[in-house]
Amino acid sequence: MLALFRSVWDEPRPADPPSRVWRDWALVGVLVPVAILEGVLRPDLPWRAVSLIVTVGLVPTLLWRRTRPLLMVAIVFTTTSLAPLLTAGDAPETYTLTYVLIVLYSLFRWGSGREVTAGLTIMIAAVSLSLLLGRLTPGDTVGAFAVTFSAVALGGALRYRAGARTRELDQIKLLEREQLARDLHDTVAHHISAMAIRAQAGLATSASRPDTATEALHVIEAEAARALDEMRAMVRLLRRDGRADLTPGRHITDLEQLASRGGSGPSVDVEISGDLDGLPPSVEAAVYRIAQESVTNARRHARHATRVEVRVVADDTSVRLRVSDDGDSGLMRPAAPPGYGLIGMIERADLLGGTCEAGPGPDRGWTVTAVLPRAGAVR
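Everything numeric here is computed off the predicted structure, so don't read it as measured data. (Residues numbered from 1 in each chain as written. Predicted model: local features only at pLDDT ≥ 70, side-chain atom pairs only at ≥ 80, totals over all residues. Heavy atoms only, no water.)

K.L.:
Explain helix H6 (residues 113-132) to me, using residue names and the numbers behind them.
P.N.:
In a regular helix each residue adds 1.5 Å, so 20 residues correspond to 28 Å; H6 covers 28 Å between its end C-alpha atoms and thus fits that length. Among all positions of H6, only Gly113, Glu115, Val116, Thr117, Gly119, Met123, Ala126, Val127 and Ser130 are buried. In the segment just after H6, Gly134 is the residue with positive phi, at about 80°. (Helix = DSSP H or I, 4+ residues; strand = E, 2+ residues; numbered from the N terminus. Expected span 1.5 Å × (residues − 1). Buried < 20%, exposed > 50% of the residue type's maximum accessible area, 1.4 Å probe, protein only.)

Right under this line is the structure:
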């Protein structure tokens with residue numbers, strides 16, 4: 001019980017409550033003439049002038065009910081508790097005064113835990129005082145609490161719903177950040193790795209084979225241009241004031257760009273078979289990124305590898321990817337730091353309801369195998 005009370009007490013106010021929106025002004029503009037009209041036309045209204053002044057005087061509390069909920073509740077209950085001193089014990093009983101329930105609702109919708117606790121204390125004290133002084137009967141007290149609880153419950157329910165929505169949006173933002181981290185690793189890191197490999201090859205052969213060094217510089221220039229283009233695309237996507245990038249993502253057929261023969265590093269052979277028509281873009285992009293990361297890892301870490309094979313087979317139910325190299329079974333160099341490539345590949349496959357496994361090949365080298373459902377249902 002103490003933990004529950006402490007959690008309520010420490011509850012912060014909801015972020016960015018709206019302040020005096022046009023609906024509040026419209027409500028005030030409607031309630032004031034309605035209260036005056038009731039004061040004029042209602043024949044059984046006791047202490048007409050005092051009741052009208054209290055009803056109209058408390059209407060402006062609606063303008064600050066979100067930004068100052070506790071103060072507005074204190075003003076409402078203090079005024080309605082002291083008003084009977086001017087009316088020989090009779091409390092103001094205008095029907096229009098029921099708008100104070102909106103103030104109570106706002107306390108539980110927009111107030112902090114401390115404000116809610118203090119507001120409840122003020123409300124219970126005011127009702128208890130009226131009961132002790134005989135202004136309310138026990139039956140009226142039960143009815144008043146029932147109506148008040150309805151406003152309180154509505155405010156709490158909408159507050160919880162808004163909080164749940166905020167947590168859902170935060171979760172979506174977190175998933176987007178993870179997606180961005182994977183894309184940064186799978187795209188930019190891939191191009192930078194290719195540039196580093198080509199630069200090392202160019203340095204090693206610059207003295208004996210100048211033509212090879214020149215070729216390496218051309219490859220580095222092309223990879224840098226691609227990396228820059230993909231970085232710009234990501235920045236455009238992240239800018240709120242920029243247009244969304246509507247160009248299609250990577251496709252399985254783009255795997256042909258990974259193929260290479262000769263030059264420095266192992267050659268890459270790509271083979272695609274099966275029916276590729278109608279594949280969801282998410283599946284095609286995942287297959288491409290997993291293959292791209294696998295090829296990058298093989299080029300960087302496969303010892304004595306001369307060949308990397310990329311095989312994609314699509315059937316009626318799934319798309320299968322297999323990337324293998326003929327290097328030594330120990331993939332990672334002893335000094336190589338752990339990265340996020342394998343984690344990203346597994347996450348991509350898991351998000352689409354598929355699997356991704358990596359390990360030593362049956363004979364030698366390293367093999368990455370991914371199986372994605374053709375429907376591409378995101379979990």
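Once you've had a look at it, read on.
K.L.:
Outline the packing of helix H1 (residues 2-9) against H6, listing residues and values.
P.N.:
Viewed as axis vectors pointing N to C, H1 and H6 meet at an angle of 105°, and their least axial separation amounts to 6 Å. Regarding the angle of H1 to H6, the classification is roughly perpendicular. Taking contact as the criterion, the partners of Phe5, Val8 and Trp9 in H1 are, on H6, Gly113, Arg114 and Thr117. The residue inventory of the contact of H1 with H6, partitioned by class, reads three nonpolar, two polar and one charged. (Axes fitted to C-alpha atoms, helices over the stretch in contact; angles between N-to-C directions. Parallel < 35°, antiparallel > 145°, perpendicular 65-115°, else oblique. Contact = heavy atoms within 4.5 Å. Nonpolar A, V, L, I, M, F, W, Y, C, P; charged D, E, K, R; others polar.)

K.L.:
So what's going on with the pairing of strand S5 (residues 366-373)? Which residues, and what values?
P.N.:
As paired strands, strand S3 (residues 318-325) and S5 are joined by seven bridges and run antiparallel to one another. Looking at the pairing, Leu321 lines up with Ala370 of S5. Pairing of strand S4 (residues 355-360) with S5 involves six bridges; the strand directions are antiparallel. Each residue of the ladder has a partner; that of Thr355, found in S5, is Val371. (Pairing = 2+ DSSP bridges.)

K.L.:
I'd like a rundown of the sheet that holds S4, residues and numbers included.
P.N.:
Reading across the sheet, the five strands line up as S1-S2-S3-S5-S4 and stay open at both edges, with mixed pairing between neighbours. Two strands close off the open sheet at either side, each with one partner strand: strand S1 (267-274) and S4. On average, each strand axis in the sheet is inclined to that of its neighbour by 10°, with strand direction left out of account. Here helix H9 (residues 281-301) sits on the sheet in contact with S1, strand S2 (307-314), S3, S4 and S5, set at roughly 10° to S3.

K.L.:
Give a description of unusual backbone geometry that names residues and reports values.
P.N.:
Phi at Trp47 is positive, roughly 45°, even though this residue is not glycine. The backbone of His304 shows a phi angle near 60°, a positive value even though the residue is not glycine. With respect to the helices, strands and loops of the structure, His304 is situated in the loop between H9 and S2.

K.L.:
Tell me about the side chain of Arg66, and name the residues and values.
P.N.:
If you trace the backbone, Arg66 turns up in the loop between helix H3 (48-57) and helix H4 (69-82). A relative accessible area of 8% means that Arg66 is categorised as buried.

K.L.:
Quick one: what's the story with the packing of aromatic side chains, residue by residue and with numbers?
P.N.:
What describes a pair of aromatic rings is the distance from one ring centre to the other and the angle between the planes of the rings. A complete count under the given rule lists zero aromatic pairs for this structure. Positioned above the aromatic ring of Tyr95, the side-chain terminus of Arg42 is 4.1 Å from the ring centre. Across the ring face of Trp110, the terminal group of Arg109 is positioned such that the distance to the ring centre comes to 3.9 Å. (Phe/Tyr/Trp six-rings, centres within 6.5 Å; stacked < 30°, edge-to-face > 60°. Lys NZ or Arg CZ within 6 Å of the ring centre and 35° of its normal.)

K.L.:
Explain a nonpolar patch on the surface residue by residue, including any values.
P.N.:
Nonpolar side chains collect at one region of the surface, where Ile36, Leu37, Val40 and Leu41 lie side by side and expose about 400 Å² of accessible area between them. Relative to the helices and strands, Leu37 resides in helix H2 (residues 22-41). (Patch = residues over 30% accessible without salt bridge, like charges linked within 9 Å, V, L, I, M, F, W, Y side chains within 5 Å. Areas by Shrake-Rupley, 256 points an atom, 1.4 Å probe, with all protein chains shown as cover. Salt bridge = Lys/Arg side-chain N within 4 Å of Asp/Glu carboxyl O.)

K.L.:
Lay out the nonpolar core in plain terms, naming residues and giving numbers.
P.N.:
Core analysis: the biggest nonpolar cluster contains 28 residues, and Leu255, Val287, Ile290, Val310, Val319, Leu321 and Val323 have the highest contact counts within it. When contributions to this core are tallied by element, the ones reaching two or more residues are S1, H9, S2, S3, helix H10 (341-351) and S5. Tallying contributions element by element places H9 first for this core, with eight residues. Leave out the neighbours within four places in its chain, and Val323 touches Ala291, Ser294, Val295, Val308, Glu309, Val310, Trp366, Thr367 and Val368. In terms of nonpolar packing, the next biggest core, distinct from the first, is built from 24 residues, Val100, Val116, Ala126 and Val152 among them. (Core = buried A, V, L, I, M, F, W, Y, C linked by side-chain atoms within 4.5 Å.)

None of the figures reported here should be taken as evidence of function without further support.
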